Every structure is written in C-alpha cells, then in structure tokens.
Amino acid sequence: MDFVVLGQLLNTTLVFSTALIFASLGGIFSERSGVVNIGLEGLMMFGAFAAAVGGYYAQDAGMGEWAPWVGVLCAMAVGIIGSLIHAVAAITFKADQTISGTVINFLAAGSTLYMVKLFFEGSGETPLIDGFSKVAIPGLSKIPVIGEGIFNSYPTTYLAIILVIVIYFILFKTPFGLRLRAVGEHPSAADTLGVNVNKMRYIGVMLSGLLAGIGGATITLTTTGTFAHNTISGQGFIAIAAMIFGKWNPLGAFGAAVFFGFSQAIRNYVQLFEWSKSIPQEFIFMIPYVLTIIVLVSAVGRSSAPKALGEPYDPSKR
Amino acid sequence: MSRLRKIFATDVYIVPLVAILMGFLVGAIVMLFGGYDPIAAYSALFKRVFGSPYDFGEAIREMTPLMLTGLAVAFAFRSGMFNIGADGQVMIGMTAASVVGIKLGGVLPSFLLVPLAVIAAAVCGGLWAGIAGYLKAKRGINEVITTIMLNWIALFLSNYIVRTFLLLQGQNRSEDNPASLSMTFLFSTFDNARLHWGTVIALAAATFFYVYLWKTKQGYEMRAVGLNPHAAEYAGMNVGRNVVKAMFISGVFAGLAGAGEVLGVFHYQSVFAASPGYGFDGIAVALLGLTHPLGVILAAILYGTLTYGSAGMSFGADVPPELIRIVIGSIIFFIAAQGIVRWVLKPFYFKRKKEKVL
C-alpha cells in the first residue's frame, strides 16, 4: 500500500467519522448532565433533514458557497427544537428517559418524511444540493500522507476536530463543565451548592440536540447531498456506542468515532485487493461491528457512566 | 355503576386512553397544518383495517410479529436491560427456520419438521441475544452497544447463509420453505389473508411472560434484579445468571417472531437490503404497553391497526403514511410524560373529589 492510498484511507476515515464525532459529543453533554439520550438517531435525522431543506432554499436564493452553512444553521436550530421534546418530558415531567428518547426517534422519522413529502410534492427525497467542498489548508496539505489525509478535508471535519478539544476543555476545565458533571453525578449535592439542576440538564440536552443536528447535517452536506428515509440509518446508535466506548469523554468518543469511521473506510479499501475476492462480501461488511465487540471485550471493560444517569431529579427525595 | 366508576378512577386505564386520544389529536393538528382533512384520513385508516375480511386478517398478520418483538423488549426491560437487538434476533430466527425447513424438508414429515423449525428459530434467537447477556454479565459491557452491533452482524450473517446455502436459482431469495405455519383452514373465511399459527404462539408467549415473571420464584428473582441489581446481589441472587437468562428468553420471543414471518407469511426468505425494523417497532410496542404482557398485546393491536391502516389513509385521503409515526410517537410521549395527561385531566379529578365529599 503506497502513501497515496494511505492518505486517501485516512481521508475517507475522517469523512465517515465526522458525523459520529458531532453526535457523540452531543450525547456526552446530555448524559454528563444525567439525561440518557437514546434519541441521537432522531436528532441526527432532524439535522440531516433541516440541512437538506435549508441548504436547498439557500441555494435557490442564490447564496452559492454559503448555502451549506445556512443548512448547518437550520440543522442546529431544528436539532435544539427536537431535543426540547426530550427535555420537557424527561426533566420537567420526569418521564423515563429511555422512553422519551425513543419518542424523538419516532417523531423524527415520521415528521421529517411527512414534511419532505409536503414540501416537495409527494417525493420521498429532497432535491440534490451542492454540499461542502473540500478545503486544502495551504502548506500543511503538502505534507505526505497527513496532508492528503487530514489537511484536505471538508470544513465540517475541521470543525469537528476543533470542537473535540474545545468541549474537552469546557467539560473539565471550566466552572460550567464542573456544574454540568456535578448535576449528572450527584444532583442533590449540586443543588445544595446552589446549582440549578434542571437548568443545567436543559442546557445539556439542548446542546446534544444542537451537536447531533450538525452531525446529521454533515451527512447530507458531505456524503449524500439529499435527505431520504435511509440517510441516517443507524448512525445515531453508532454514535451512542462511540460515546459509551469513549467512556463519556470527548477524547475517548473522538477515538471511538474515528475507529468506527476507519472500519467503515477499510471495508471499502479491502475490496480493492485481489485476495479479498475469495472472502464473501458479507464478512467484509461485518468487519466494523465484529471489531467493535472484540475491542470492547479485550480492552475497554466495565463502563463508567455518570452516576445519576437516567434518574429524574426530585428535590423532595434529598 | 360504582364499579364502572372505580375502573375509570384508576389511572392505569384512564391515562393511556387519554394519551391515545391526545396522540390522535396531535396527528389531526399536524394534518391540518399540511392542508389535509383529518376526519377523512382517520376514517380511511379504520375503514382500511375493518373494511373487509381480507384486510382484517392481514392486520392481524401485521400485529403478530409486533406482539412478539414487543414482548421481547418488554421482558428485557423488566430485567433491567434495554434490548435494542430484537431486530437481529428476528433475522437470526428467520434464518434458522429457513435452514431447518428447507434442508430437512424432504427428510422429515411435516408434523416433526414444523415444530423443529420453530424451536430452532426460538433457540437461535435466544442464543443470539444471549451473547449480549453473557458479555454484560461477564465483562460488564453495555448491552446497548452489543445488541446494536449484533443487529448488523445478524443482517450480514443471514444474507450470507441465504445466499450461500439456500438460494433459489437466479433470484435474490431462498427456495420455498416446505415447513408452513399457515392456518389454511381460515384462509377462505378471511379471503386468503395470510393468517398463521404465529399469532397463537404470540398469545401463548404473552401468557408465559405473565406466569413466569409474576408466579414463579425465578421470575421474582429476575424482576428483583431488574429493579435493583445491588439489592438482589445482597439477597444472594446470582445477578449474572439472571441477566443471561433474561436476555435468552427475550431473544426466544424475537426468534419466534422470525419463525412466524418466514413459515407463516412469506414461505421463503429474501436477502435483506437493509434491517427490516421489526425490533424498533418492538421497542415502541413494549413502551406503549407499559412493559406488561397484557399491555403489549393491546399495544400491538393498536400499533398494527395504525400501521396497516396508514396505507389506506394515503390512498383514501392522500395523507403521507409517515404521519402515523407522529401519532404513535405522540402517544408514547404522553404515556411517558404522564404529568401532562394528569394536568389535562385535573379538572375532572377535582370534580370527582367533590362528589366524594358530598
């Protein structure tokens, strides 16, 4: 395998990982604040839909290169609105968090397709739009392997990598992050110290909607170009896996997302080799999922979820 | 009369009923926003389900796998686990039923072949779920991740087996399966709707669910583990063993759903283009049914009616059938966030209290 192929492999890995990084970062905000978020899949769907529709109308209005960014903004807004459904049910009305997260998935699947048909005269798919194009960073993109692999990517990929570091910093080095984590570990202690538990949790869930929305948007704006019923198909659940895999830590989740991206990318590359013809394609398709289980069994071990994860906060039980 | 009032005074009945009504209301509002006529749409929906014996039979056919996957998810839930993997377990069950039915078709008489195929589906579905249970019990690995991964692996494994061993020449599906669960004696009554014994199996599974969890010592342990694994451990129960057993039983239910589809409905197995989604419907049914077996049956009836009827809705009133997912999602939302329903009902509760005082 020469360097060019290696660089391309790295590049494809990052393209596949980007959406997962955004969504799993979103999951971290929600779950660190103590609210389970099974709804990432639905939130990504909202984002992918909003990006496709927003991008389409922005393109129509002649915004050219800026149109995809309008799509991203729409995805952020719709993601937040979608996550509020989960927040109201789980935080204010103390519903079972797994259930209200599942509700998001249902509502997203139903309402996005309903609206696509409404907006585009019964079609099951949004019109094809121009998404982001890759941006080469001057100088850095000339480095062998890494230049082709990392510094010649979509703007969303750069954004995702920057956000990993920023969010790590926010979570572990700022008072806000400390409060958010406290609310997820020991809400009554945090309450005693004057932290508004429900407010922090609302913020956590809304940030998860925002980030998962961007995650969904990157899929329509860099990979598919349209939104249809199968645009997300399980990516949100894989993002949840990446979050758990990465032990609710942005750096860990980043590693896990890249790992998933890599195993998807390698699946495409293995097929280029002659020897792979003798292996049934189904076994090649299985690689990412089998690898995940093997890595989990051999390396990661017990998960370390936030202690109050899944428990509605009830001040009277303090 | 007082007895009737007592029934309606209990939240267990009234809250879900009001939640369902509110779900329909949300659907109606969404339809109005889209410029559709909700009354025409809902009547087309129910007319589709109850309009002809054939459609009624097909609706029952639609409800059957929902019941079983709903039971699968609910059973795991009661034991403290979230089984997102019913989908994969259904596929594995289908594949096992196909392999046994087709490979032993010429060898065994049908009174042996059919039960064997059904048992194979149940056991394989159970073992597939058991992998996730085992990894959770032995290595503490979150079952949400493993069941998601196992769904994908099941999809590809099933396709591999069908493509390599069972393929009908020149087509993307298996040979015809000689084992059949069809209720042929009912076909003429329901105008050739594809009714099958899977429905009876599903009802039996629900009965087993109830008796096992609430009437046996093992079931008591399982519920204890589900409610509080640490307390159960202190009480001397083997948490790990219960986790594996609960996942196994959960997978058995899902595997049976697969057997019903292959042996009762299609009589062959296609190469899947994507995940068929039975398991995700099962999650909704389990939640709608408040993870109680009777509730799951009722929820499967509701869910089956709505999804089967949604096709009629799009024919009769031109409403996109996806709308029904909004209705179902809203119903689950209102059932989960019962506070909202109670708030809506508050004026009525108040009235009742006053009556009591008088």
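Let us look at the structure shown here. Bear in mind that the values here come from a model prediction, so they are computed numbers and not experimental data.

Attention shifts here to the overall build of chain B. Helix and strand content of chain B: 16 helices and zero strands. Relative to the globule expectation of 21 Å for 358 residues, the C-alpha radius of gyration of chain B, 22 Å, shows essentially globular dimensions. Along the longest, intermediate and shortest principal axes, the C-alpha atoms of chain B span 75 × 60 × 35 Å. Counting the 358 residues in chain B, one finds 56% classified as buried. Contacts spanning at least 24 positions in sequence make up 76% of the contacts within chain B whose residues lie at least 6 apart. As displayed, chain B has an accessible area near 15800 Å², and 67% of this comes from carbon and sulfur atoms. Side-chain charges of chain B comprise 27 positive and 17 negative groups, with the mean position of each set lying 13 Å from the other.

For the rest of this paragraph, the subject is the overall build of chain A. Looking only at helices and strands, chain A features 12 helices and two strands. Its C-alpha radius of gyration of 20 Å places chain A within 12% of the 20 Å reference for a compact globule of 318 residues. Structurally, chain A occupies a C-alpha span of about 65 × 50 × 40 Å along its principal axes. Looking at chain A as a whole, 55% of its 318 residues are labelled buried. Residue pairs at least 24 apart in sequence account for 76% of intrachain contacts in chain A once pairs closer than 6 positions are excluded.

Quick look at the environment of Val225(B) now. All names here are of chain B. Mapping Val225 onto the fold places it in helix α10 (residues 217–227). A relative accessible area of 5% means that Val225 is categorised as buried. Separated by 18 residues in sequence, Val225 and Val243 have C-alpha atoms that sit 8.0 Å apart. Those residues in contact with Val225, other than ones at most four positions away along the chain, are Ser79, Ala232, Val239 and Asn242.

The end-to-end C-alpha distance of helix α15 (residues 323–336) of chain B, which contains 14 residues, comes to 20 Å, matching closely the 20 Å that a straight helix rising 1.5 Å per residue would cover. Of all the 14 residues making up α15(B), 13 are buried; the element is thus mostly covered by neighbouring parts of the structure.

Let us look at the interface of chain A and chain B. Each partner contributes residues to the interface: chain A has 44 residues there, and chain B has 48 residues. Carbon and sulfur atoms make up 80% of the area that chain A and chain B hide from each other, which totals about 4000 Å². For chain A, the biggest contributors to the area lost against chain B are Phe106(A), Tyr114(A) and Tyr289(A); these three give 19% of the whole. Where chain A packs against chain B, one counts two salt bridges. Between the two partners, chain A and chain B, sit four residue pairs in polar contact (both at pLDDT 80 or more). If you list the elements that add at least two residues to the side of chain A that touches chain B, you get α3 (67–92), α4 (97–119), α10 (235–245) and α12 (281–300) of chain A.

Attention now moves to the packing of helix α2 (residues 40–60) of chain A against α4(A). All names here are of chain A. Closest axis-to-axis distance for the α2/α4 pair is 7 Å, and the angle between their directions is 20°. Taken together, the axes of α2 and α4 are roughly parallel relative to one another. The hand of the α2/α4 crossing is left-handed. Counted together, Leu40, Glu41, Gly42, Leu43, Met45, Phe46, Phe49, Val53 and Tyr57 of α2 and Ile104, Asn105, Leu107, Ala108, Ala109, Ser111, Thr112, Met115, Val116 and Phe119 of α4 form the full contact between these two elements. Partitioning the contact of α2 with α4 into residue classes produces 14 nonpolar, four polar and one charged.

The terminal C-alpha atoms of helix α11 (residues 250–270) of chain A lie 30 Å apart, and with 21 residues this matches the ideal 30 Å at 1.5 Å per residue to within 8%. The N-capping residue of α11(A), defined by a side-chain oxygen 2.9 Å from the backbone nitrogen of Leu251(A), is Asn249(A).

Take the pattern of salt bridges next. Counted under the stated rule, the structure contains eight salt bridges over all chains. Among the ionic pairs, Glu282(A) bridges to Arg163(B), the shortest N-O distance being 2.7 Å. On the criterion of chain membership, the pair formed by Glu282(A) in helix α12 and Arg163(B) in helix α7 (residues 143–166) is interchain, its members lying in two chains. Judged by relative accessible area, Glu282(A) falls into the buried class, the value being 4%. For Arg163(B), a relative accessible area of 32% corresponds to the partly exposed category. In this structure, the salt-bridge partner of Asp281(B) is Arg325(B), at a minimum N-O distance of 3.5 Å. With Asp281(B) in helix α13 (residues 278–288) and Arg325(B) in helix α15, the pair connects residues that are 44 residues apart, well separated along the chain. You can call Asp281(B) buried: its relative accessible area is 17%. Each of the salt bridges in this network shares a partner with another, and the network as a whole consists of Glu58(B), Arg61(B) and Arg194(B).

Let's shift gears to the packing of helix α6 (residues 110–139) of chain B against helix α12 (residues 239–266) of chain B. Residue and element names in this part refer to chain B. Where α6 contacts α12, the two axes come as close as 6 Å, and the packing angle between them is 145°. As for the relative orientation of α6 and α12, their crossing is right-handed in sense. A per-class count over the contact of α6 with α12 returns 18 nonpolar, six polar and one charged.

Residues and elements named next belong to chain A. Mapped onto the elements of the fold, Arg181 is located in helix α7 (residues 175–185). Nearest to the buried, unbridged Arg181 among oppositely charged side chains is Glu185, at 7.1 Å. In contact with Arg181, other than residues within four places in its own chain, are Arg32, Leu171 and Phe172.

Calculation notes
- Residues numbered from 1 in each chain as written.
- Chains lettered and ligands numbered in written order.
- Predicted model: local features only at pLDDT ≥ 70, side-chain atom pairs only at ≥ 80, totals over all residues.
- Heavy atoms only, no water.
- Helix = DSSP H or I, 4+ residues; strand = E, 2+ residues; numbered from the N terminus.
- Rg over C-alpha atoms; globule rule 2.2 N^0.38 Å.
- Buried < 20%, exposed > 50% of the residue type's maximum accessible area, 1.4 Å probe, protein only.
- Contact = heavy atoms within 4.5 Å.
- Areas by Shrake-Rupley, 256 points an atom, 1.4 Å probe, with all protein chains shown as cover.
- Lys, Arg positive; Asp, Glu negative; His and termini not counted.
- Charge placed at Lys NZ, Arg CZ, Asp CG, Glu CD.
- Expected span 1.5 Å × (residues − 1).
- Buried area = accessible area lost by both parts, 1.4 Å probe.
- Salt bridge = Lys/Arg side-chain N within 4 Å of Asp/Glu carboxyl O.
- Polar contact = N/O pair within 3.5 Å; in protein donor to acceptor, adjacent residues only side chain to side chain.
- Axes fitted to C-alpha atoms, helices over the stretch in contact; angles between N-to-C directions.
- Parallel < 35°, antiparallel > 145°, perpendicular 65-115°, else oblique.
- Left-handed = near helix turned anticlockwise from the far one by under 90°.
- Nonpolar A, V, L, I, M, F, W, Y, C, P; charged D, E, K, R; others polar.

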